[in-house]
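Okay, here's what each chain looks like letter by letter:
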Amino acid sequence: MTGLNPTNEQRSSGTAASALAIELVGINKHFGPVHANRDIHLAVRRGTVHGIVGENGAGKSTLMSILYGFYTADSGEIRVNGVPQKITDSRHALALGIGMVHQHFMLVDNFTVLENVVLGAEDSALLRPTLNRARDHLKQLARDYGLEVDPDAIIENLSVGQQQRVEILKALYRGAETLILDEPTGVLTPAEADHLFRILGKLREEGKTIILITHKLREIMAITDEVSVMRQGAMVKTLQTKDTSPGELAELMVGRRVLLRVEKGPANPGKVLLDVKNLIVTDDFKVPRVKNISFQVRAGEIVGIAGVAGNGQSELLESIAGMRDQLGGTISVNDKVLSLEGDDGAARARAAGLAHVPEDRLRMGLVTNFMAWENAILGYQGSYGEGLGLDIGKARSTAEDYLKKFDVRPANLDLKSSNFSGGNQQKIVLAREMERDPDVLIVGQPTRGVDIGAIEFIHNQIIKMRDAGKAILLVSVELDEIRSLSDRILVLFDGHLVGEADPATADETELGLLMTGSHSDQVITEPGTLPAHETPMQQTLVEMSPKDNSGRDTN
Amino acid sequence: MTPLPRWADVVLLPLLNVVLAFLVGGLIVLAVGQNPLQAVGIMLYGAFGYGSGFGYTLYYTTDFIFAGLAVSLAYHAGLFNIGPEGQAYVAGLGVILIGLALNGMHWALVFPLMIVAGALFGGAWAFVPGYLQAKRGSHIVITTILFNFIATAMMGFLISRVLKPEGVNSDESAPLEAITRVPQLRTFIELFKNSPVNLTFFLAIAALFFVYWLIWRTKFGYAVRALGHNPVAANYAGISNQKLIMIVMAMSGMLAAMVAVNNVGGVQGRLILNFVNGAGFVGIAVAFMGKGHPVGVGLSALLFGILYQGGQELAFQMPGITREMIVTIQALVILFTGAMGDMLRAPLSRLLTRPDATTGAK
């Protein structure tokens with residue numbers, strides 16, 4: 001088997017075994033008929049950041065779960081610091097110095113940072129001595145790696161970025177020498193992601209080894225030393241980051257050439273289809289989130305809403321879609337003012353010609369327990385069948401049509417929706433919302449957690465809708481996505497529209513500053529030389545400064 | 001953990017749970033010095049062996065089908081209706097009121113009206129917790145439990161103080177005339193001798209088909225299942241969660257109400273204290289064992305019917321086994337199929353998927 005024929009990279013690294021923190025040799029793993037990992041060889045050098053890229057379902061997470069002891073490989077060997085090990089569970093992995101930061105944090109929300117860090121690592125029956133020792137240790141770790149978090153803060157009051165730092169602290173506190181990060185930036189704002197990369201840089205300087213799983217190529221280019229590409233359960237290639245390019249990586253991941261840039265012609269705006277006037281919306285706790293916003297979207301244009309997550313985008317989308325009552329203002333589609341009161345407003349918004357691709361497809365856009373065909377009619381169930389009965393035949397043939405047109409894989413109508421990959425789930429939602437020919441399409445985070453091949457497809461579909469004369473409102477926390485798709489950019493900050501920009505001429509720094517509610521003349525360009533920042537906003541401001549963004553725009 | 005194949009999930013696992021329950025029950029029978037195999041034999045004979053025993057089994061099954069469907073329907077909408085007991089009890093009031101009002105009329109006229117009146121009362125009794133859940137966020141489990149108590153107190157008062165005729169000693173309403181009562185099957189079929197199984201049994205079978213159609217073949221059922229799996233997505237789909245919760249609870253109460261038609265209209269011919277006698281609670285176990293699917297509900301209702309009727313036969317035939325022990329065995333079945341129903345899932349899954357894994361490793 002190929003295990004006897006290691007590739008060149010593996011052979012060269014094998015000669016310096018002691019320099020390897022982790023070595024995986026010939027790992028195989030099956031789940032029933034699915035061969036999730038095929039004879040994987042991977043060598044991770046100590047003191048490096050090693051990226052692992054691949055599309056959803058390529059086997060990255062399975063491989064890391066084997067390394068972390070969640071799964072046992074069917075065959076193959078794991079060597080930690082050159083010594084073969086049978087890793088039985090995560091506790092064992094930790095004892096070997098392997099820590100993992102999960103995509104979905106494993107934190108107790110109502111515990112403090114300190115309590116979360118020591119949870120499961122208490123060294124006595126009484127909590128107090130452990131906590132006191134941990135506090136000192138934590139301070140030291142924070143100093144060494146720039147992982148500042150208030151040890152007494154309650155988790156649920158922390159931002160996502162801070163929670164992630166707690167996860168990293170947890171692993172370091174348990175003595176992790178090798179850190180596995182699974183899609184760490186999926187939930188972070190650009191500024192938080194930058195901060196994370198600075199932390200990773202520090203960790204590398206201190207001799208820690210980092211395995212970074214991601215499908216964002218610019219992150220790979222920005223931070224890793226080496227990168228391994230996986231496709232369909234197999235390890236395709238391991239490369240030196242400095243010798244490769246995003247284009248090459250994308251091609252290796254997908255197995256064909258991928259356009260990383262969106263190709264689109266100029267917009268041809270027509271009449272106003274979506275007209276939002278003086279909209280005021282509150283969140284579930286009656287706190288105003290959208291504060292008197294007015295804007296219009298015309299036929300044949302894409303208006304992008306840029307902003308740091310949590311500045312009112314969700315509430316704006318949900319209220320236009322009829323899912324959230326308005327405190328004031330009007331929403332008109334095609335010159336007709338929508339009445340969206342009550343908890344079935346979404347039905348009336350749809351009837352008026354508005355389609356909605358929600359930000360969070362799993363929480364909102366799909367019933368994950370439903371089969372593919374059932375989700376293909378969600379929201380439009382009323383138009384399948386006369387009277388009481390549901391016309392299942394019609395629903396299924398529609399769904400079949402959707403799956404084919406949007407190349408959903410597997411094209412299995414009866415597969416439970418939770419068993420599709422993120423990209424394919426998103427395609428089901430997009431097909432459903434686009435194919436019924438709405439006048440207005442509002443789209444939230446169209447490519448969140450979607451792999452690179454599908455992103456290209458989704459972007460092209462959105463452009464196609466625009467060119468067909470639809471009005472499209474796009475909300476995304478990916479600034480790149482907003483810039484490449486939109487014809488106009490509106491910047492949302494703290495529930496207000498604070499600016500408008502032309503994507504062709506907009507400067508990323510300028511947009512970043514608008515998104516954080518500041519103006520360019522207030523920029524502080526020398527991070528690190530300043531006194532402690534008073535508010536998180538100022539902290540973000542510093543993190544957004546151009547100096548730190550240099551070298552990251554790799555496209 | 002890899003999910004079980006469908007046949008194992010639907011057939012094998014519940015079957016193993018029942019077997020396990022009987023094994024443990026057998027140990028208890030053994031512990032009191034009786035022969036478990038003989039006990040099982042007597043139980044099966046009591047449930048199926050002779051006409052009137054079989055009739056009783058079907059009579060109990062009727063109750064359990066309705067209660068089980070009531071819990072199942074609500075459960076598909078994500079609502080845990082603990083209150084079929086109270087809903088059936090209150091429905092008894094509707095059944096007896098219409099029965100007494102039309103006393104002496106032919107059952108062919110009264111039977112449909114009993115169904116309607118029972119449904120109205122039972123539905124209303126379930127609607128209130130539904131309303132409180134939808135509009136006020138009061139948890140349905142708490143309110144339906146409390147409504148059981150309210151039903152008991154209210155019905156106790158009404159039966160002993162209002163409905164009880166002069167000169168009657170026991171707490172019960174005036175009786176319905178024979179022609180007004182829902183006819184028992186023994187009047188058509190010799191086999192059932194003196195058992196109480198009546199026309200309502202066919203209503204239960206029809207209800208199984210109806211609920212299947214409702215949940216899987218209608219837009220309404222689609223909305224109910226969307227709500228049950230993911231209320232946020234249901235809201236996204238333009239489904240009014242509040243309206244649907246109230247409607248589903250009312251319908252759930254209507255299904256539970258049919259227990260009253262079976263009992264008050266078909267057997268007692270009068271309203272007696274606590275006539276529901278736990279059938280509503282058994283419905284919860286039936287629904288869970290049947291996984292909310294009408295086929296499963298039908299089969300598990302039959303199992304509990306066997307346990308009830310066969311258990312009484314057992315208590316009668318084997319003096320060493322008391323009523324309490326029968327209840328213990330019934331409780332074991334509920335424990336192993338309901339509360340611990342997933343206990344064997346993991347080992348079973350390992351057992352069933354192992355051949356794949358070993359061949360894959362080569």
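From a predicted model like this one, the values you see are computed outputs, not experimental measurements.

How should I be thinking about the overall build of chain B in this particular structure?
If you tally the helices and strands in chain B, you get 14 helices and zero strands. Counting from the amino terminus, chain B carries its helices and strands in the arrangement α-α-α-α-α-α-α-α-α-α-α-α-α-α. For 362 residues, the compact-globule estimate of 2.2 N^0.38 gives 21 Å, and the C-alpha radius of gyration of chain B, at 22 Å, lies within 12% of that figure. Counting every position in chain B, which comprises 362 residues, the buried fraction comes to 54%. Within chain B, contacts between residues at least 6 apart in sequence are counted, and of these 77% link residues at least 24 apart. If the 19 positive side-chain charges of chain B are averaged to one point and the 12 negative ones to another, these points end up 13 Å apart.

Explanation requested: the overall build of chain A in the structure shown.
Secondary structure assignment for chain A yields 20 helices and 20 strands. Burial statistics for chain A: of 555 residues in total, 54% are counted as buried. Carbon and sulfur atoms make up 50% of the accessible area of chain A, which totals about 23,500 Å².

Even after reading the chapter, I still don't get the interface of chain A and chain B, so can you show me in this structure?
Interface extent is often summarised as the accessible area lost during association of the parts. In this complex, chain A contributes 37 residues to the contact, which on the side of chain B involves 25 residues. Looking only at chain A, the three residues that lose the most surface to chain B are A:Asp343, A:Phe370 and A:Gln381, adding up to 22% of its buried area. In this structure, the connection of chain A to chain B is made through two salt bridges. The salt bridge partner of A:Glu374 is B:Arg225, with a shortest N-O separation of 2.6 Å. Applying the counting criterion to the chain A and chain B interface returns 21 residue pairs in polar contact (both at pLDDT 80 or more). Grouping the amino acids of the side of chain A that touches chain B by side-chain chemistry returns 15 nonpolar, 13 polar and nine charged.

Any chance you could explain helix α4 (residues 84-101) of chain B here in plain terms?
Residues that lie three or four places apart on an α-helix share one face, since the helix turns once every 3.6 residues. Between its first and last C-alpha, α4(B) extends 25 Å over 18 residues, near the 26 Å set by a 1.5 Å rise per residue. For α4(B), the tally of buried residues reaches 14 of 18 residues, placing the bulk of the element in the interior.

Explain the sheet that holds strand β14 (residues 326-333) of chain A to me, please; I cannot follow it from the model alone.
Within a sheet, adjacent strands bond to each other through the backbone by hydrogen bonds, running parallel or antiparallel. All names here are of chain A. With antiparallel pairing, four strands are arranged side by side in an open sheet as β12-β11-β14-β15. Looking at strand neighbours, the two that pair on one side only are β12 (288-298) and β15 (336-337), the edges of this open sheet. The pairing of strand β11 (residues 272-282) with β12 spans eight bridges and is classified as antiparallel. By the bridge assignment for β12, Asp275 is matched with Gln296.

What am I meant to see in unusual backbone geometry here?
Trans peptide bonds make up the majority, and among non-glycine residues the majority have a negative phi. Put simply, A:Arg409 and A:Pro410 share a cis peptide bond, and its omega is -5°. In this structure, B:Asn274 is a non-glycine residue whose phi angle is positive, near 50°. Positionally, B:Asn274 belongs in the loop between α10 (241-268) and α11 (279-289). The exposure class of B:Asn274 is partly exposed, given its relative accessible area of 47%. Even without glycine at this site, B:Lys291 takes up a positive phi of about 50°. Looking at the secondary structure, you find B:Lys291 in the loop between α11 and α12 (294-317).

Explain the UniProt feature "transmembrane region" (unreviewed entry) in chain B to me, please; I cannot follow it from the model alone.
Residues and elements named next belong to chain B. According to UniProt, the "transmembrane region" (unreviewed entry) feature falls on residues 12-32, 39-58, 113-132, 139-159, 197-215, 244-265, 271-288 and 326-344. Secondary structure content for residues 139-159 is 95% helix and 0% strand, and the end C-alpha separation is 30 Å. Secondary structure content for residues 271-288 is 56% helix and 0% strand, and the end C-alpha separation is 30 Å.

Explanation requested: the environment of A:Leu279 in the structure shown.
In this fold, A:Leu279 is placed in strand β11. Not counting residues within four places of it along the chain, the set of residues in contact with A:Leu279 comprises A:Val290, A:Lys291, A:Asn292, A:Ile293, A:Leu316, A:Ser319, A:Gln326, A:Gly328, A:Gly329 and A:Ile331.

Just checking my understanding: could you explain the nonpolar core for this structure?
Grouped together as the largest cluster of nonpolar side chains are 160 residues, with contacts concentrated most on B:Phe64, B:Leu271 and B:Phe304. At 14 residues, the largest contribution of residues to this core is made by α10(B). Every residue in contact with B:Leu271, bar those within four places of it in the chain, is listed here: B:Gly92, B:Leu93, B:Ile96, B:Met155, B:Ile159, B:Leu163, B:Asp171, B:Glu172, B:Ser173 and B:Val264. Membership of the second largest hydrophobic core comes to 36 residues, among which are A:Leu141, A:Leu158, A:Ile168 and A:Leu203.

Please explain the packing of helix α2 (residues 36-49) of chain B against α12(B) as it appears in this structure.
Pairs of packed helices are described in terms of their axes, by the angle between the two and the distance that separates them. Residues and elements named next belong to chain B. Where α2 contacts α12, the axes come no closer than 7 Å and their chain directions differ by 120°. Judged by the angle between their axes, α2 and α12 are oblique. Judged by the sense of rotation from one axis to the other, the crossing of α2 with α12 is right-handed. In this structure, α2 contributes Ala39, Ile42, Met43, Leu44, Tyr45, Gly46, Ala47 and Phe48 to the contact, and α12 contributes Ile306, Leu307, Gln309, Gly310, Gly311, Glu313, Leu314 and Gln317. A per-class count over the contact of α2 with α12 returns ten nonpolar, five polar and one charged.

When you look at the sheet that holds strand β16 (residues 354-357) of chain A in this model, what are you seeing that I'm missing?
Residues and elements named next belong to chain A. What the six strands build is an open sheet, ordered β16-β17-β18-β13-β19-β20; its pairing is mixed. Across the chains shown, the open sheet's two edge strands, defined by having one partner strand only, are β16 and β20 (496-501). Put simply, the sheet's adjacent strands are angled 20° from each other on average, direction ignored. Sitting on the sheet, helix α15 (residues 422-434) is in contact with β16 and β17 (440-444), with an inclination near 175° to β16.

Even after reading the chapter, I still don't get the packing of helix α7 (residues 200-217) of chain B against α10(B), so can you show me in this structure?
Residue and element names in this part refer to chain B. Taken N-terminus to C-terminus, the directions of α7 and α10 make an angle of 170°; their axes are 10 Å apart at the nearest point. Here α10 runs roughly antiparallel to α7, going by the angle between their axes. Crossing geometry of α7 relative to α10 is assigned as left-handed. Contacts from Thr200, Leu203, Ala207, Val211 and Leu214 of α7 reach α10 at Met251, Leu255, Met258, Val261 and Asn262. Residues of the contact of α7 with α10, tallied by class, amount to eight nonpolar, two polar and no charged.

It is not clear to me how the packing of aromatic side chains should be interpreted in this structure. Could you clarify?
Under the counting rule described, the total for this entry stands at 20 aromatic pairs over all chains. For the ring pair B:Tyr56 and B:Tyr60, a centre distance of 6.3 Å and an interplane angle of 35° mean the geometry is tilted. Of this pair, B:Tyr56 and B:Tyr60 both sit in helix α3 (residues 51-76), four residues apart, which is roughly one turn of the helix. Judged by relative accessible area, which is 13%, B:Tyr60 ranks as buried. One cation-aromatic arrangement involves A:Lys427 over A:Phe457; the distance from NZ or CZ to the ring centre is 5.0 Å.

How should I be thinking about the pairing of strand β3 (residues 49-53) of chain A in this particular structure?
The side chains of a regular strand alternate between the sheet's two faces. All names here are of chain A. In terms of burial, β3 is a largely internal element, five of the five residues being buried. Residues of β3 alternate between two faces, with Val49, Gly51 and Val53 on one and His50 and Ile52 on the opposite face, all of them buried. As judged from the five bridges shared by β3 and strand β8 (residues 209-214), these two strands associate in the parallel manner. Paired with Val49 across the two strands is Ile210, which belongs to β8. Taken together, the four bridges between β3 and strand β9 (residues 226-231) define a ladder with parallel strand orientation. Opposite Ile52, over in β9, you have Ser228 as the bridge partner.

Is there a simple way to think about the pairing of β20(A) in this case?
Of the strand pairs in this sheet, strand β19 (residues 488-493) of chain A and β20(A) are connected by five bridges, and their pairing is antiparallel. Paired with A:Ile489 across the two strands is A:Ala501, which belongs to β20(A).

Explain the side chain of A:Thr185 here, please?
Residues and elements named next belong to chain A. Here Thr185 lies in the loop between β7 (178-182) and α7 (190-205). The exposure class of Thr185 is buried, given its relative accessible area of 2%. Within the structure, the side chain of Thr185 is placed 2.3 Å from the side chain of Glu219, a separation counted as a polar contact. Each residue touching Thr185, except ones within four places of it in the same chain, is listed here: Ala193, Leu196, Phe197, Lys216 and Glu219.

Conventions adopted
Residues numbered from 1 in each chain as written. Chains lettered and ligands numbered in written order. Predicted model: local features only at pLDDT ≥ 70, side-chain atom pairs only at ≥ 80, totals over all residues. Heavy atoms only, no water. Helix = DSSP H or I, 4+ residues; strand = E, 2+ residues; numbered from the N terminus. Rg over C-alpha atoms; globule rule 2.2 N^0.38 Å. Buried < 20%, exposed > 50% of the residue type's maximum accessible area, 1.4 Å probe, protein only. Contact = heavy atoms within 4.5 Å. Lys, Arg positive; Asp, Glu negative; His and termini not counted. Charge placed at Lys NZ, Arg CZ, Asp CG, Glu CD. Areas by Shrake-Rupley, 256 points an atom, 1.4 Å probe, with all protein chains shown as cover. Buried area = accessible area lost by both parts, 1.4 Å probe. Salt bridge = Lys/Arg side-chain N within 4 Å of Asp/Glu carboxyl O. Polar contact = N/O pair within 3.5 Å; in protein donor to acceptor, adjacent residues only side chain to side chain. Nonpolar A, V, L, I, M, F, W, Y, C, P; charged D, E, K, R; others polar. Expected span 1.5 Å × (residues − 1). Pairing = 2+ DSSP bridges. UniProt positions renumbered as here; feature names shortened; annotations may be inferred. Core = buried A, V, L, I, M, F, W, Y, C linked by side-chain atoms within 4.5 Å. Axes fitted to C-alpha atoms, helices over the stretch in contact; angles between N-to-C directions. Parallel < 35°, antiparallel > 145°, perpendicular 65-115°, else oblique. Left-handed = near helix turned anticlockwise from the far one by under 90°. Phe/Tyr/Trp six-rings, centres within 6.5 Å; stacked < 30°, edge-to-face > 60°. Lys NZ or Arg CZ within 6 Å of the ring centre and 35° of its normal.

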